[in-house]
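# Chains, contacts and geometry: an overview
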Amino acid sequence: MERWLLAIYLVLSGLAVVQAVLVVVQTWEHHRYARSRLAKMRAYPRKGKALIVAPCRGKDVGLSRNLHTLFHQDYGNYQIRFVVESAADPACPVIRRLLAAHPQMTAELLVAGEAVQEGQKVHNLRHATADLPPDVDYLVFVDSDARLRPQWLRAMLARLDRPGVGAITGYRWFVPSPFRLSNCLLYSINAKIAVLFGNRCPTIVWGGSWSIRRDTFEALGIREAWAGTLSDDLVASRVLREAGLRVLFEPACMTPSPADVTLGGLFEFTRRQYLFGRWYVPGGWTFALGMTTFVNAISAANAGLLLAAVATNVVNPWIPSAFCAAFYMLSLFAGLLRQDLVLSYFPQWYAKLRRARRFEVWFSPLASLVNWVSVLLSIGGRTVRWRGIRYAVGNDGRVTAMWRSSKSADQGVAQSERSDSPENLAEPDVIPLPSLHDRARFRAKFRRRTA
């Protein structure tokens, strides 16, 4: 190998190793920050009145149990506003049954009608926020596929009144239902993205779990900014950023989300997320494209060189094998850190996620490759399918056309409803964070049970 080629190869591979080290550092920092915030969860104060807005379309996996958690928040001073496109939406019977089962709760179901030249979810949110109760101080938005812990609402509002803070956001942690390759790939890709949220990292709003002060929402004209667009959260993020306001990530608002996708559904979902980024956060999308391409290309080049060295004995195998080992070991360590987070976030699902956690640790490079392919697929195209509706989006991020499927609304990442019967309206299975002693005891109990 020519010396200049060798130098370029060593520099690029070295930079890829540095990037992998930075990923480990960020994962460690997320781990530390999450443990710190979750330990304070029980002390979060109760504040003014909150309005929870929950847009629904179709029947997500575990819809009844997901929405049931909204009625059991440890807060008291709040009301719920469900909003659907049509009274014939499959989610309506579930919502009506929950409303009847909780007559003591101030909750209502709104019908927004069909969207015209804007996303159906955006249309639903604009309808739900058009006429706000005069005594509401905070607005909280949540997706129907999120299953919330009882302290979720308190955590959503705990730091919202700090100077310079515009919004509080959580994120999702997918739960494979059932265990299969496509679900595990989705689980792994999502976990890699989840740990990028942290204390000091620039944070965007995630539309499935976020909050904002009512006066901030109205002063910034977020409802008006949503008009004609497809992404509620990225548009809100842009408005907050232009106003110089911060978005804080709250680990106590990490929400488990049951998911079941086919392999085609996986690529449709991940490509759609990156298309939203390309349309509404082009700088962030370009960075993601560059970083995923660089890391995966360097990893593939080293793997190719190692195979060529073994097959031909022309290339020295020690250098590519050292880089391959470094990449994999760093990926392994980051995966172990990510999966230890399950004990902090959702200890009651630690056993259920065992096989998914093992997949994430050992096959993390495969998930990175699938994620890279998803980013590449988002380079082209102006149309996207989302919950049974196909949208065409212009260069300015505005919806230019939309076509509705004759079939019932699809579920995004959810493909079937498994928890819709009355017996599943039990207490939420998301529990608060255990103490460090409880974590050790739970881990020991799990090992005895699985030995």
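## Brief notes about the sheet that holds strand β10 (residues 399-404)
Read across the sheet, three strands follow the order β8-β9-β10 without closing on themselves; strand pairing throughout is antiparallel. Here the strands that pair on one side only, and so sit at the sheet edges, are β8 (383-386) and β10. Pairs of neighbouring strands in the sheet enclose a mean axial angle of 20°, with direction left out of account. Against the sheet, helix α10 (residues 263-280) engages β8 and β9 (389-393), with an angle of about 130° to β8.

## What about the pairing of β9?
Burial within β9 is extensive, with four of its five residues counted as buried. Where β8 meets β9, four bridges bridge the pair, whose relative direction is antiparallel. By the bridge assignment, valine 384 is partnered in β9 with tyrosine 391. Bridge count for β9 against β10 is five bridges, and the pairing is antiparallel. Bridging from a neighbouring strand, alanine 392 pairs with alanine 401 of β10. Taking the residues between adjacent antiparallel strands as the criterion, β9 and β10 are bridged by five residues, where glycine 397 takes a positive phi near 85°.

## Considerations on helix α14 (residues 364-377)
The periodicity of an α-helix, 3.6 residues per turn, causes residues three or four positions apart to be oriented the same way. The terminal C-alpha atoms of α14 lie 20 Å apart, and with 14 residues this matches the ideal 20 Å at 1.5 Å per residue to within 8%. For α14, the complete set of buried residues consists of Ser364, Ala367, Val370, Asn371, Trp372, Ser374 and Val375. In the core, the buried residues of α14 are packed alongside α6 (181-194), α10, α11 (282-312), α12 (318-345) and α13 (354-362).

## Overview of the packing of helix α9 (residues 232-242) against α10
Between α9 and α10, whose axes approach to 10 Å, the crossing angle comes to 30°. Handedness of the α9/α10 crossing: right-handed. Contacts between α9 and α10 involve Leu234, Val235 and Arg238 from the former and Phe276, Gly277 and Tyr280 from the latter. Residues that form the contact of α9 with α10 fall into these classes: four nonpolar, one polar and one charged.

## Some words on the environment of arginine 159
Here arginine 159 lies in the loop between α5 (152-157) and β5 (165-176). A relative accessible area of 7% means that arginine 159 is categorised as buried. Distance in space between the C-alpha atoms of arginine 159 and tyrosine 44 is 9.1 Å, their sequence separation being 115 residues. In contact with arginine 159, not counting residues within four places along its chain, are Tyr33, Arg37, Lys47, Val165, Ile168, Leu248, Phe249 and Glu250. Of the polar contacts made by the side chain of arginine 159, one reaches the side chain of glutamate 250; its length is 3.2 Å.

## Examining the side chain of threonine 129
Secondary-structure assignment places threonine 129 in the loop between α4 (120-128) and β4 (138-142). Reaching out from threonine 129, the side chain makes a polar contact with the backbone oxygen of leucine 125 at a distance of 2.7 Å.

## So, the pattern of salt bridges
Following the criterion strictly, the structure yields 22 salt bridges and no others. Between glutamate 114 and arginine 404 there is a salt bridge, with the nearest N and O atoms lying 3.5 Å from each other. Highlighted residues: glutamate 114 in the loop between β3 (107-111) and α4 and arginine 404 in strand β10, separated in sequence by 290 residues. Bridged by salt links that share partners, the residues Lys47, Asp161, Arg213 and Asp215 form one connected network.

## Some remarks on the sheet that holds strand β6 (residues 209-213)
If you walk across this open sheet you meet the seven strands as β3-β2-β1-β4-β6-β5-β7, and the pairing is mixed. The open sheet has two edge strands, β3 and β7 (246-259), and neither has a second partner. Averaged over all pairs of adjacent strands, the angle between strand axes in this sheet comes to 20°, irrespective of strand direction. Pairing geometry for β5 and β7, over 10 bridges, is parallel. From the neighbouring strand, alanine 167 faces β7, where its bridge partner is valine 247. The sheet strands contacting α6 are β5 and β7, and the helix crosses β5 at an angle near 155°. Running over the sheet, α12 touches β5 and β7 and is turned about 105° from β5.

The rules behind the values
Residues numbered from 1 in each chain as written. Predicted model: local features only at pLDDT ≥ 70, side-chain atom pairs only at ≥ 80, totals over all residues. Heavy atoms only, no water. Pairing = 2+ DSSP bridges. Helix = DSSP H or I, 4+ residues; strand = E, 2+ residues; numbered from the N terminus. Axes fitted to C-alpha atoms, helices over the stretch in contact; angles between N-to-C directions. Contact = heavy atoms within 4.5 Å. Buried < 20%, exposed > 50% of the residue type's maximum accessible area, 1.4 Å probe, protein only. Expected span 1.5 Å × (residues − 1). Left-handed = near helix turned anticlockwise from the far one by under 90°. Nonpolar A, V, L, I, M, F, W, Y, C, P; charged D, E, K, R; others polar. Polar contact = N/O pair within 3.5 Å; in protein donor to acceptor, adjacent residues only side chain to side chain. Salt bridge = Lys/Arg side-chain N within 4 Å of Asp/Glu carboxyl O.

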